[in-house]
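# Close look at the chain arrangement
So you can see what is in the structure, the chains are spelled out below.
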Amino acid sequence: MSKKYNIIITGASKGLGRAMVETIMLKYPKANVTAVARSQADLNDLVTKFGSSRVLAICGDITVKSTMEDAINGTLNKWGSIDGVIFNAGLLSPVQHLHDQNYDIEGAKRLFDVNYFSIVQFTNMLFNKLGISPREMKGEDANLNIIIVSTGSSTRACDGFLAYGSSKAAVNLLCAHIHQELYPIVRSVSVAPGVVDTNMQIDIRNQYKDAIIPEVYQKYVDLYNSGKLLNPMDVAVVYCKLVIDGIPDEVDGKYVRWNE
Ligand code: NAP
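The rules we used
Residues numbered from 1 in each chain as written. Predicted model: local features only at pLDDT ≥ 70, side-chain atom pairs only at ≥ 80, totals over all residues. Heavy atoms only, no water. Core = buried A, V, L, I, M, F, W, Y, C linked by side-chain atoms within 4.5 Å. Buried < 20%, exposed > 50% of the residue type's maximum accessible area, 1.4 Å probe, protein only. Helix = DSSP H or I, 4+ residues; strand = E, 2+ residues; numbered from the N terminus. Contact = heavy atoms within 4.5 Å. Near = heavy atom within 4 Å. Polar contact = N/O pair within 3.5 Å; in protein donor to acceptor, adjacent residues only side chain to side chain. Areas by Shrake-Rupley, 256 points an atom, 1.4 Å probe, with all protein chains shown as cover. 1 Å grid on protein atoms, 1.4 Å probe; cavity = no way out; pocket = protein on both sides within 12 Å on 5 of 7 lines; lining within 4 Å. Sits in = over half its atoms within 2 Å of the grid points. Nonpolar A, V, L, I, M, F, W, Y, C, P; charged D, E, K, R; others polar. Pairing = 2+ DSSP bridges.

### Points about the nonpolar core
- In this structure, Ile9, Met20, Ile24, Ile147 and Tyr239 are the most contacted members of the largest nonpolar core, which totals 36 residues.
- The set of elements that each furnish at least two residues to this core consists of β1 (5–10), α1 (15–27), β2 (31–37), α2 (40–50), β5 (144–149), β6 (186–192) and α8 (232–245).
- With seven residues, the top contributor of residues to this core is α8.
- The contacts of tyrosine 239, once residues within four sequence positions are left out, are Leu16, Met20, Ile86, Ile147, Val149, Val191, Ala192 and Pro193.

Pasting the structure below:
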């Protein structure tokens, strides 16, 4: 590992994002991480564990412009480059049906802000800050890898996950647009992680029993009871390898599953 690897990870406080930070710290000793999330205590814990020379904590809501600016400027000021971003922060709620009487449209818009528009805005700000455009750079000048955490329900209707699945379908297409506009200056891929043992799964089991049809709900409960939920550390390895080693041509701009 001779190059610089300064990586921004959103939603880094818990679950899959936290596992990504830990994986990079443990497996890639020359890499640094800017960890973005709202939970200050969890971010402080990462800095305490791995040291402020390798972890920069940015506490804030990812939909807020100043959080994006702090992450981008903070990374550049501290380490001088941004070589990859993993857009991992995500929201599942509202879990509802179109036929529900009080479909939470404002909640669905908020979900789109977190899961989709924050990524569009962050990417736009990043490209402008780094001077990335097809006119100004040649392929060999750039080394930016963008990984977006998607889901299997971005490609098929999964009961109750209308807002969530739609927002993740939108990020799949966002990757295709990054590819269409900027390949090979920027590489991007949208990766579904499978069903992972995080707070999101706890929420599905504990909060959404009555919000989704019984056979779908039972599927999630059965995965948990049979110990088949994926360990976040096992899944995180794939995302970290993509952001550090670079996204291969054959998946650039595409949606793929983590174990494909
Ligand atoms: P999680 O444990 O609930 O973690 C979600 C992360 O997103 C937290 O670190 C949270 O941090 C952050 N976050 C949420 N809203 C945010 C906001 N407004 N601003 C900044 N950070 C925000 O869930 P997870 O399973 O690890 O989810 C990670 C990603 O995997 C998501 O994109 C999710 O859609 C995707 N995914 C998960 C599964 C699964 O089975 N778990 C399956 C498919 C896809 P703070 O609360 O500290 O802000």
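### Let's talk about the site of the ligand
- Residues in close proximity to the ligand total 30 residues, the closest being Arg38, Ser39, Asn88, Tyr164 and Thr198.
- At 3.0 Å from an oxygen atom of the ligand is found a main-chain nitrogen or oxygen belonging to glycine 11.
- At 2.5 Å, a side-chain N or O of serine 39 approaches an oxygen atom of the ligand.
- Alone, the ligand offers 880 Å² of accessible surface; in the complex the protein occludes 94% of this.
- Comparing atom positions with the cavity grids shows the ligand to sit within the largest pocket.
- Among the elements of the structure, α1, α4 (105–130), α5 (162–182) and α6 (199–207) are those that each provide at least two residues to the shell around the ligand.
- The dominant element in the shell around the ligand, judged by the number of residues it contributes, is α6, at three residues.
- Looking at side-chain class alone, the shell around the ligand contains 12 nonpolar, 13 polar and five charged residues.

### Observations concerning the pairing of β5
- With respect to burial, β5 is a largely interior element, six of its six residues being buried.
- Neither face of β5 is left uncovered, since the one carrying Leu144, Ile146 and Ile148 and the one carrying Asn145, Ile147 and Val149 both have all their residues buried.
- Relative to β5, strand β4 (residues 84–87) is paired through four bridges, and the arrangement is parallel. Its bridge partner being in β5, valine 85 is matched across the sheet by isoleucine 146.

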